[in-house]
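# Fold and geometry: a report
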Amino acid sequence: DLCCSAGVSSSSSSPSDARKVASPSLLLVLKWGGELTPAGRVQAEELGRAFRCMYPGGQGDYAGFPGCGLLRLHSTYRHDLKIYASDEGRVQMTAAAFAKGLLALEGELTPILVQMVKSANMNGLLDSDSDSLSSCQHRVKARLREIMQKDAKFREEDYEKLAPTGSASLIKSMEVIQNPVEVCDQVFALIESLTCQIQKRLEDPKFADLQLYHSETLELMLQRWKKLEQDFRLKNRRYDISKIPDIYDCIKYDVQHNTSLKLEGTAELFRLSKALADIVIPQEYGINKQEKLEIAVGFCLPLIRKIQLDLQRTHEDESVNKLHPLYSRGVLSPGRHVRTRLYFTSESHVHSLLSIFRYGGLLDESKDPQWKRAMDYLSAISELNYMTQIVVMLYEDNNKVRDRRGVWGALGAQGLHLNRTGCSGRT
């Protein structure tokens, strides 16, 4: 995205003033989607390799080789695979890295991306209905901003306003924060301390040749924190809570990758910003059930329709490749055929899709204990990290003709966990 503004002299200025006015200025505000880090690439490939084990096969002569069932299906043209990704570069490279691990491919990611990953935005698959989103999300963000600007401890009515769905992770974060303005004050003070420490490192000759993670420099690190420091607290001394996710992302990145700087206060900044982000991020997609569903439909209705179409086609399609029994020694199920559709997209679509599963009335929690356990598990999840997945699986019941069962599961990569002595990253 690109936003431009130009500054020119006023027509009412005198000739002498006009001579003193500098040349017209131009301010460019660029929105860049980011770049996949080496750690992210490794995680995507590892997840692709682990994903193979979800597929059937690998028995008989090939027992003891986890995941080989999928590779055999794919190599014998019995695996119908399509991969879609949104247009952001990091998302497409993630899809390519996942495909490399899934199919045991070799070589660089770019050829894999070109050959195997389709742009989902070409057919509007990952588009959102901006008209329906704008009014509902503006209302939600205004209420969220009002609650989070309250300089007092959360009371019972605040829990009812901010967590009407009874989300366990949300209530836990509110108990950690207690007073949102006081916590924002602490976060701002910690950011000021952090920028001061980075500035001192920048002026210290010992750090002159220091190379941070992914070729970042101390100057760039200082700039991104200075920008957050300037934007987070407004001129009226109130806080822009829309910057909380950016603050949390930055401190999580630095705590995970730039520990060599030994900056003080990073663990506390991580803890407080995470508690704030665990409220702001999920609630931006709706506070009550009705809002969550309205925003979810606006974000991912085309994707929901495509998933539904995929399931219907799998149920109806008979024109698939199968192995001839005479040439399939060691293959227990030569007639097996698997169809896979992978969609790599933004966090907003994942939040929205989960809202539809949770609040769309698919099953009755009071009558289905297994569904109740799944909903309780989702309620306890505070954050959707990188490589969070939602898996929709359709099985064929061999005991009945054309009878199938649908099962879905949500798996999230565990994020960064801090302890008293430091930090550790998990995938």
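All of these numbers come straight from a predicted model, not from anything done at the bench. (Residues numbered from 1 in each chain as written. Predicted model: local features only at pLDDT ≥ 70, side-chain atom pairs only at ≥ 80, totals over all residues. Heavy atoms only, no water.)

A tally of helices and strands in the protein yields 15 helices and nine strands. In the protein, which comprises 427 residues, the proportion classed as buried is 40%. On the protein, roughly 24,800 Å² of surface is accessible, and the fraction owed to carbon and sulfur atoms is 52%. (Helix = DSSP H or I, 4+ residues; strand = E, 2+ residues; numbered from the N terminus. Buried < 20%, exposed > 50% of the residue type's maximum accessible area, 1.4 Å probe, protein only. Areas by Shrake-Rupley, 256 points an atom, 1.4 Å probe, with all protein chains shown as cover.)

Applying the stated criterion across every chain, the model contains 17 salt bridges. In this structure, the salt-bridge partner of glutamate 216 is arginine 224, at a minimum N-O distance of 2.7 Å. We note a salt bridge from aspartate 254 to arginine 224, for which the minimum N-O separation is 2.5 Å. Note that aspartate 254 is positioned in helix H11 (residues 244-257) and arginine 224 in helix H10 (residues 218-232), a separation of 30 residues in sequence. The network of salt bridges with shared partners includes Asp80, Lys82, Arg339 and Arg341. (Salt bridge = Lys/Arg side-chain N within 4 Å of Asp/Glu carboxyl O.)

It is a general feature of regular strands that their side chains alternate between the two faces of the sheet. For strand S5 (residues 338-344), a buried count of six out of seven residues is recorded, marking the element as mostly surrounded by other parts of the structure. As defined by bridge partners, strand S3 (residues 79-85) adjoins S5 across seven bridges and the pair is classed as parallel. Paired with tyrosine 84 across the strands is tyrosine 343, a residue of S5. (Pairing = 2+ DSSP bridges.)

All right, on to the confidence of the model for the protein then. Summary statistics for the protein give a mean pLDDT of 82 and a share of 77% for residues scoring 70 or more. Considering only residues more than four positions removed or in separate chains, one finds that residues 2-13, a stretch of pLDDT under 50, has 18 contacts. Confidence drops under a pLDDT of 50 for residues 415-427, and excluding neighbours within four residues, the segment shows 23 contacts in the predicted structure. (pLDDT = per-residue confidence, 0-100. Contact = heavy atoms within 4.5 Å.)

Outside of glycine, negative phi angles account for most residues, and trans bonds account for most peptide bonds. At alanine 104, a residue that is not glycine, the phi angle is positive and equals roughly 55 degrees. Of the residues examined, alanine 104 reaches a relative accessible area of 43% and is grouped as partly exposed. Positive phi, normally seen in glycine, also occurs at histidine 214, with a value near 60 degrees. Secondary-structure assignment places histidine 214 in the loop between helix H9 (180-203) and H10.

Once that is clear, we can look at the packing of H9 against helix H12 (residues 266-283). Contact pair H9 / H12: the axes reach a minimum separation of 10 Å and the direction vectors enclose 140 degrees. Considering their axes alone, H9 and H12 lie oblique with respect to each other. At the point where H9 passes H12, the crossing takes the left-handed sense. Of the residues in H12, those in contact with Val183, Cys184, Gln186, Val187, Leu190, Ile191 and Leu194 of H9 are Thr266, Glu268, Leu269, Leu272, Ser273 and Leu276. Split into classes, the residues belonging to the contact of H9 with H12 amount to nine nonpolar, three polar and one charged. (Axes fitted to C-alpha atoms, helices over the stretch in contact; angles between N-to-C directions. Parallel < 35°, antiparallel > 145°, perpendicular 65-115°, else oblique. Left-handed = near helix turned anticlockwise from the far one by under 90°. Nonpolar A, V, L, I, M, F, W, Y, C, P; charged D, E, K, R; others polar.)

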